[in-house]
Amino acid sequence: MQISSRFIVAIYIFACMEMFGREHEITSDFLTSRIKVKPVIIRKTMAQLRKAGLIKVERGTGGTIATRHINEITFYDVYLAVESMEGKDLFHFCGNTNPQYPMGEKVHAALGEKMLNIQQAMEDEMKKYTIADIMGSVRDGIETNEIQNN
């Protein structure tokens, strides 16, 4: 199990909007220069955030803004926006088990509820943290002129 890098890229996008949005138009080119990932990843992540209603993207050089205050955008919101989970289950069980060996069905049944409980615990924890929660740490140690020179 692993959450993709899109989740972290999305968090970076929000951090860049918050840190640089007053001085710069937040475009995919601007984000690519700061985050150092392929432009296609930035554009795809931005499209997912836009589709989820978390950001608004102005065409051309209009830039990108969050649609809600960062203290209202949880890690869970970002997670739902950028992680494609078929059926919304974090854990995926293998397909069909061999009918000659019923152990597969027993394992699946024994794990099912436990895996759902684990997923629920993770989601509940993600709902506790917002983009604003990380911005204090991001701002610590960054000089004002460093922000203005970027």
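Above: the structure in question.
The rules we used
- Residues numbered from 1 in each chain as written.
- Predicted model: local features only at pLDDT ≥ 70, side-chain atom pairs only at ≥ 80, totals over all residues.
- Heavy atoms only, no water.
- Helix = DSSP H or I, 4+ residues; strand = E, 2+ residues; numbered from the N terminus.
- Buried < 20%, exposed > 50% of the residue type's maximum accessible area, 1.4 Å probe, protein only.
- Contact = heavy atoms within 4.5 Å.
- Areas by Shrake-Rupley, 256 points an atom, 1.4 Å probe, with all protein chains shown as cover.
- Phe/Tyr/Trp six-rings, centres within 6.5 Å; stacked < 30°, edge-to-face > 60°.
- Lys NZ or Arg CZ within 6 Å of the ring centre and 35° of its normal.
- Axes fitted to C-alpha atoms, helices over the stretch in contact; angles between N-to-C directions.
- Parallel < 35°, antiparallel > 145°, perpendicular 65-115°, else oblique.
- Left-handed = near helix turned anticlockwise from the far one by under 90°.
- Nonpolar A, V, L, I, M, F, W, Y, C, P; charged D, E, K, R; others polar.
- Core = buried A, V, L, I, M, F, W, Y, C linked by side-chain atoms within 4.5 Å.
- 1 Å grid on protein atoms, 1.4 Å probe; cavity = no way out; pocket = protein on both sides within 12 Å on 5 of 7 lines; lining within 4 Å.
- Points joined across faces, edges and corners; volume = space filled by probe spheres on them.

**Digging into the overall build of the protein**
Item 1. Each helix and strand counted, the protein has seven helices and two strands in total.
Item 2. Looking at the protein as a whole, 31% of its 150 residues are labelled buried.
Item 3. Residue pairs at least 24 apart in sequence account for 66% of intrachain contacts in the protein once pairs closer than 6 positions are excluded.
Item 4. Accessible surface computed for the protein: about 9,900 Å², of which carbon and sulfur atoms make up 52%.

**Some words on the packing of aromatic side chains**
Item 1. Applying the stated criterion to the full structure yields four aromatic pairs.
Item 2. For the ring pair Phe20 and Phe30, a centre distance of 5.6 Å and an interplane angle of 70° mean the geometry is edge-to-face. With Phe20 in helix H1 (residues 5–20) and Phe30 in helix H2 (residues 28–35), this pair connects stretches of sequence that are 10 residues apart. Phe30 shares its class with Phe20; the two are buried.
Item 3. On the basis of an interplanar angle of 40° and a centroid distance of 5.9 Å, the ring pair of Phe75 and Tyr129 is categorised as tilted. Here Phe75 is found in helix H4 (residues 75–82), whereas its partner Tyr129 is found in the loop between helix H5 (103–126) and helix H6 (131–139), with 54 residues between them in sequence.
Item 4. A network of ring pairs unites the aromatic residues Phe7, Phe75 and Tyr129 as a single cluster.
Item 5. Of note, Arg34 hangs over the ring of Phe20, and the distance from its end group to the ring centre comes to 5.5 Å.

**So, the packing of H1 against H4**
Item 1. Packing of H1 against H4 brings their axes to within 9 Å, and their N-to-C directions diverge by 125°. Between H1 and H4, the angle falls in the class oblique. Between H1 and H4 lies a crossing of right-handed hand. Listed contacts from H4 to Arg6, Phe7, Ala10, Ile11 and Phe14 of H1 are Phe75, Val78, Tyr79 and Val82.
Item 2. Of the residues belonging to the contact of H1 with H4, the class tally is eight nonpolar, no polar and one charged.

**A word on the nonpolar core**
Item 1. By size, the foremost hydrophobic cluster in this structure holds 31 residues, and its most contacted members are Phe7, Ile13, Phe14, Leu31, Leu49, Val78 and Ile131.
Item 2. At the level of secondary structure, the elements contributing two or more residues to this core comprise H1, H2, helix H3 (39–51), H4 and H6.
Item 3. A per-element tally of this core places H1 first, with 11 residues.
Item 4. Apart from the residues lying within four places of it in its own chain, the contact partners of Ile131 are Ile11, Phe14, Ile70, Ile73, Phe75 and Val78.

**Focus: the side chain of Thr74**
Item 1. Locating Thr74 in the fold gives a position in the loop between strand S2 (63–66) and H4.
Item 2. Its relative accessible area of 14% is what places Thr74 among the buried residues.
Item 3. Those residues in contact with Thr74 that lie beyond four places of it in its chain are Met126, Lys127, Tyr129 and Thr130.

**Thoughts on the layout of surface pockets**
Item 1. One number sums up the size of the second largest pocket: a volume of about 220 Å³.
Item 2. Lining the second largest pocket are 16 residues, with Met17, Glu18, Thr64, Ile65 and Ala66 positioned closest to its centre.
Item 3. Elements with a minimum of two residues in the lining of the second largest pocket: H1 and S2.
Item 4. Of the residues forming the lining of the second largest pocket, the biggest block, four residues, is contributed by S2.
Item 5. In the lining of the second largest pocket, the residues fall into six nonpolar, six polar and four charged.

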